[in-house]
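Next come the chains, spelled out residue by residue.
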Amino acid sequence: MNALLSIEDLTVQYRTRNGYSLAVEDVNLEIKNGEIFGLVGESGSGKSTLGKAIVKLLPVSAEIPAGKIFFKNRDIITLSEQTINNEIRGKEISMVLQNPQNALNPVFKVGTQLVDVLYFKNNKKIKRKNLKQDAIEMLKKTGISDPEYRFEEYPHQFSGGMKQRVLLAMAFISHPSLLIADEPTTALDVTIEAQILALLKDLVREYGTSILYITHDLGVVSEITDRIAVMYAGKIVESAKTDDLFDEPLHPYTKALLKCLPGYSSKEQLATIPGQVPNLNNKPTGCNFCPRCDYCFALCQKEEPRLREYKADHSVACFLYNQEEKEEAEVEDEKVNEKEGA
Ligand code: ATP
Ligand code: MG
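First, a word on what this report is: a plain description of the structure on this page. (Residues numbered from 1 in each chain as written. Chains lettered and ligands numbered in written order. Predicted model: local features only at pLDDT ≥ 70, side-chain atom pairs only at ≥ 80, totals over all residues. Heavy atoms only, no water.)

All right, on to the overall build of the chain then. In terms of helices and strands, the chain carries 13 helices and twelve strands. On C-alpha atoms alone, the chain measures out to a radius of gyration of 22 Å, which is about the 20 Å that the 2.2 N^0.38 rule sets for 342 residues. With the principal axes as the frame, the chain shows a C-alpha extent of 85 × 50 × 45 Å. Considering the chain as a whole, with its 342 residues, one finds that 49% of them fall into the buried category. Long-range pairs, those at least 24 residues apart, make up 63% of the contacts in the chain with a sequence separation of at least 6. In the form shown here, the chain has an accessible surface area of approximately 17200 Å², with 47% of it arising from carbon and sulfur atoms. Of the charged side chains in the chain, 41 are positive and 49 negative; the average position of the first set lies 9 Å away from that of the second. (Helix = DSSP H or I, 4+ residues; strand = E, 2+ residues; numbered from the N terminus. Rg over C-alpha atoms; globule rule 2.2 N^0.38 Å. Buried < 20%, exposed > 50% of the residue type's maximum accessible area, 1.4 Å probe, protein only. Contact = heavy atoms within 4.5 Å. Areas by Shrake-Rupley, 256 points an atom, 1.4 Å probe, with all protein chains shown as cover. Lys, Arg positive; Asp, Glu negative; His and termini not counted. Charge placed at Lys NZ, Arg CZ, Asp CG, Glu CD.)

All right, on to the site of ligand 1 then. In the vicinity of ligand 1 there are 14 residues, among which Ser 43, Gly 44, Lys 47, Ser 48 and Thr 49 approach most closely. Contact between ligand 1 and Ser 45: an oxygen atom at 3.1 Å from a main-chain N or O atom of the residue. Separating an oxygen atom of ligand 1 from a backbone N or O atom of Gly 46 is a distance of 3.0 Å. Relative to its unbound accessible area of 630 Å², ligand 1 is 65% covered by the protein chains. A per-class count over the shell around ligand 1 returns four nonpolar, seven polar and three charged. (Near = heavy atom within 4 Å. Polar contact = N/O pair within 3.5 Å; in protein donor to acceptor, adjacent residues only side chain to side chain. Nonpolar A, V, L, I, M, F, W, Y, C, P; charged D, E, K, R; others polar.)

For the rest of this paragraph, the subject is the pairing of strand E10 (residues 235-241). Judged by how many residues are buried, E10 sits mostly within the fold: six of seven residues are covered. In this structure, strand E9 (residues 227-232) lies alongside E10, joined through six bridges in antiparallel fashion. Following the sheet pairing, Met 231 is matched in E10 by Ile 236. Hairpin connection from E9 to E10: two residues lie between these consecutive antiparallel strands, with Ala 233 at a positive phi of about 45 degrees. Examined bridge by bridge, E10 and strand E12 (residues 314-316) share three bridges and lie antiparallel to one another. Directly across from Glu 238, in E12, lies its bridge partner Val 316. (Pairing = 2+ DSSP bridges.)

A few words on helix H11 (residues 252-259). Each turn of an α-helix holds 3.6 residues, which means side chains three or four residues apart point in the same direction. A large share of H11 lies buried, amounting to six of its eight residues. Every buried residue belonging to H11 is among Pro 252, Tyr 253, Thr 254, Ala 256, Leu 257 and Leu 258, and all of these are buried. In this fold, the buried residues of H11 make contact with strand E3 (36-40), helix H9 (218-224), E9, E10 and helix H10 (242-247).

This part covers the packing of aromatic side chains. For the structure on display, the rule yields six aromatic pairs. Judged by centre distance (5.4 Å) and plane angle (75 degrees), the ring pair of Tyr 119 and Phe 120 falls under edge-to-face. For Tyr 119, a relative accessible area of 16% gives the class buried. An angle of 35 degrees between the planes, with centres 5.8 Å apart, marks the rings of Phe 172 and Tyr 207 as tilted. One end of the pair, Phe 172, is in helix H7 (residues 160-172); the other, Tyr 207, is in helix H8 (residues 190-207), with 35 residues separating them in the sequence. An aromatic cluster is defined as three or more aromatic residues linked by ring pairs; in this entry it consists of Tyr 232, Tyr 253 and Phe 289. Over the face of the ring belonging to Tyr 119 we find Arg 128, whose NZ or CZ atom lies 4.0 Å from the ring centre. The ring of Phe 158 carries Arg 150 above its face, with NZ or CZ at 5.1 Å from the centroid. (Phe/Tyr/Trp six-rings, centres within 6.5 Å; stacked < 30°, edge-to-face > 60°. Lys NZ or Arg CZ within 6 Å of the ring centre and 35° of its normal.)

It is worth spelling out the packing of helix H4 (residues 110-121) against helix H5 (residues 132-141) at this point. The relative placement of two packed helices comes down to the angle between their axes together with the axis-to-axis distance. Running from amino to carboxyl end, H4 crosses H5 at an angle of 110 degrees, the nearest separation of the two axes being 9 Å. Looking at the two axes, H4 sits roughly perpendicular to H5. The crossing of H4 and H5 is right-handed. Across the interface between the two elements, Val 110, Leu 114, Val 115 and Leu 118 from H4 touch Lys 132, Asp 134, Ala 135 and Leu 139 from H5. Split by residue class, the contact of H4 with H5 holds six nonpolar, no polar and two charged. (Axes fitted to C-alpha atoms, helices over the stretch in contact; angles between N-to-C directions. Parallel < 35°, antiparallel > 145°, perpendicular 65-115°, else oblique. Left-handed = near helix turned anticlockwise from the far one by under 90°.)

Here you go:
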């Protein structure tokens, strides 16, 4: 089966006063039909940049020097803004963001905004009044009680959790093939978060939509995802089926993220990962995680490990699991030493 979304060797960089900042580097990932795919990493690891690249919403300061983003076998990067607008964004691919406060227009009624999505999805061919019932149905599906009444209200009359439900209604009403959910529950309290996650799962089951779920919280993705990719300093350092990642985390960064989860480690005090994501204008030579890694050895400071399949459906970019690469590099080392000695 072909993947719905297939990202190949994608690099995204921002032009800054201090030169180029490499936010996404050589990323490869695939999302299948109906799959919930989690993208996890600390703040600044490049998750949102990757999400925005998929719907061509990167700011003008961003450049894509390399890579392809195949969605239904068409490379998004090569499509015109007009094609993206008419055929992809908000239709085939929807997006839900962290802060529902800013995503709804305060001057229009919630119902009007929902109907608008359908109106444009149908290329303005169906009258707005004939779309009202579908919009109300969708509000009901997302758990808004008394939807007929709520349809006539303005965003400020909704709580944060209800606004996020409305945004999910807006995202799903056009029956997209892919939803990019960028930290959709971070601004909500844990009870509402759990409800929204359960709702997402229901909607995926009903509509067969695939989701790219972006979050810094491994705990959240464990609840709903089929597969997870862990991102660090713009690169994917590990990817696996969700259960495999939790049962046998490989990369020291993944292990460190897991230790930070409440309930995962037996220690009473929550762990934190010392240090921070490196400066993307000036990444360290070798493995990006090396300065914070307990297992870092000489080779890691010199060479960058590539993402390789360690076992079926479980890839990792770390020399600890890549004997072949390690040995190759060590042979190189010896040669250099021989030359120096000569
Ligand atoms: P968070 O969890 O905080 O949302 P993130 O993983 O989504 O973080 P991004 O927002 O993709 O990270 O940022 C990745 C890197 O790109 C960061 O170093 C950030 O400073 C940089 N960056 C993001 N947007 C811009 C921009 N418009 N101009 C310059 N640099 C940017
Ligand atoms: Mg982000």
